[in-house]
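Fold and geometry: a report
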Amino acid sequence: MIKIRVENLFVKFGEYQALKGVSFEVKAGDFIGIIGPNGAGKTTLLKVIIGEIKDYTGKVEVYGKMGYQPQLNTVNREFPMDVFTYILLPVYVKNRRFTRKERERALDMLKRVGLEDKAYSLVGDLSGGELQRASLARALLSDADILLLDEPDSGVDEMGKNTFYELLYDVKKERDLTIVMVSHDIGLVFKECSTIMCLNKTLHCHAPTEKISPDKLKEMFGQFDLWIRADKHYEVEHRERSI
Ligand SMILES: Nc1ncnc2c1ncn2[C@@H]1O[C@H](COP(=O)(O)OP(=O)(O)O)[C@@H](O)[C@H]1O
Ligand SMILES: [Mg+2]
């Protein structure tokens, strides 16, 4: 069963072509990892799918209910709002109110992601990992069966990452989720995802994880900064941009 179909997608910001002729399908139960350098259009692609960017050409079809975890650096942490309100905000925007049942579900969801004692803390006081978990709780509250995650582990320490992916796996199984995740961490994408998409304005590859070799990816994206997971530590590759 197809959950997302994108056909010949083009996105322009003024004269700048951010996405060019992107086509792919996402099947139910897929866990897709999207990798690509900064500025590749990864966030733009998720925003088109979620409906936040409406100015595009091509076809985008979604069959299901989406939950979206935005990129950390796009979340306004200055706004004086507690975690409970933060995760219920999409519900409020839709219905102009929260019911008691929704409040209870929100508290349960905070328990689920291990943030029950932070419900009334300000969003600005959370650590990176805590905010990412709050954002996941928010994405899940909508009863989504499709999750779009934009670098859900950036700003999260190593232990926090393991907790985050364990949680994500549990919820994926429970809810039969389809997940599209942007990540900078090639090693992690190889470990966690069933399908890999390499995006740099156009789609350079789209294949099951076992058909793509990490070395080939490093070759393809080698001139950019990419996180490569090595055994138990992270290495960052810094090379000159050659194009
Ligand atoms: N609203 C916007 N207006 C103008 N340019 C934008 C806008 N959003 C993104 N861009 C540009 O489009 C390119 C792709 O951005 P983005 O999708 O955020 O890349 P990525 O998430 O892969 O790092 C970047 O060069 C970025 O500066
Ligand atoms: Mg991005």
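It should be noted that the structure appears before, not after, this text.
An account of the accompanying structure is given in this report. This structure is a prediction, so every number in the text was calculated from the model and none was measured. (Residues numbered from 1 in each chain as written. Chains lettered and ligands numbered in written order. Predicted model: local features only at pLDDT ≥ 70, side-chain atom pairs only at ≥ 80, totals over all residues.)

On to the sheet that holds strand β5 (residues 66–69), then. Strand order in the open sheet formed by six strands is β5-β6-β7-β3-β8-β9, with mixed pairing between adjacent strands. Only two strands of the sheet have a single neighbouring strand rather than two, namely β5 and β9 (202–208). Taken over all neighbouring pairs, the strand axes of this sheet differ in orientation by 15° on average, direction set aside. Sheet analysis places strand β8 (residues 195–200) next to β9, joined by six bridges and oriented antiparallel. Within β9, the position partnered with N200 by the bridge is T202. Lying over the sheet, helix α1 (residues 42–50) contacts β3 (31–35), β5, β6 (146–150), β7 (178–182) and β8, oriented at roughly 150° with respect to β6. In this fold helix α4 (residues 128–141) packs onto β5 and β6, with an angle of close to 165° to the strand it touches most, β5. (Pairing = 2+ DSSP bridges. Helix = DSSP H or I, 4+ residues; strand = E, 2+ residues; numbered from the N terminus. Axes fitted to C-alpha atoms, helices over the stretch in contact; angles between N-to-C directions. Contact = placed C-beta atoms within 7 Å.)

A few words now on the sheet that holds strand β2 (residues 16–27). Reading across the sheet, the three strands line up as β2-β1-β4 and stay open at both edges, with antiparallel pairing between neighbours. Since the sheet does not close on itself, it has two edges, and those belong to β2 and β4 (57–62), each with one partner. Mean inter-strand twist for the sheet, computed between neighbouring axes without regard to direction, equals 15°. The pairing of strand β1 (residues 2–13) with β2 spans eight bridges and is antiparallel. By the bridge assignment, I2 is partnered in β2 with K27.

Attention shifts here to the site of ligand 1. Lining the immediate surroundings of ligand 1 are F13, Y16, A18, G36, N38, G39, A40, G41, K42, T43 and T44. Secondary structure elements with two or more residues in the shell around ligand 1: β2 and α1. Ranked by residue count, the leading element in the shell around ligand 1 is α1, at three residues. Taken together, the residues that form the shell around ligand 1 break down as four nonpolar, six polar and one charged. (Near = placed C-beta within 6 Å. Nonpolar A, V, L, I, M, F, W, Y, C, P; charged D, E, K, R; others polar.)

This paragraph deals with the environment of K47. Relative to the assigned elements, K47 resides in helix α1. Judged by the 21 C-beta atoms lying within 10 Å of it, K47 is buried. Considering only alpha carbons, one finds K47 and P70, 23 residues apart in sequence, at a separation of 9.0 Å. In contact with K47, other than residues within four places in its own chain, are E52 and I53. (Buried ≥ 20, exposed ≤ 12 C-beta atoms within 10 Å, placed from the backbone.)

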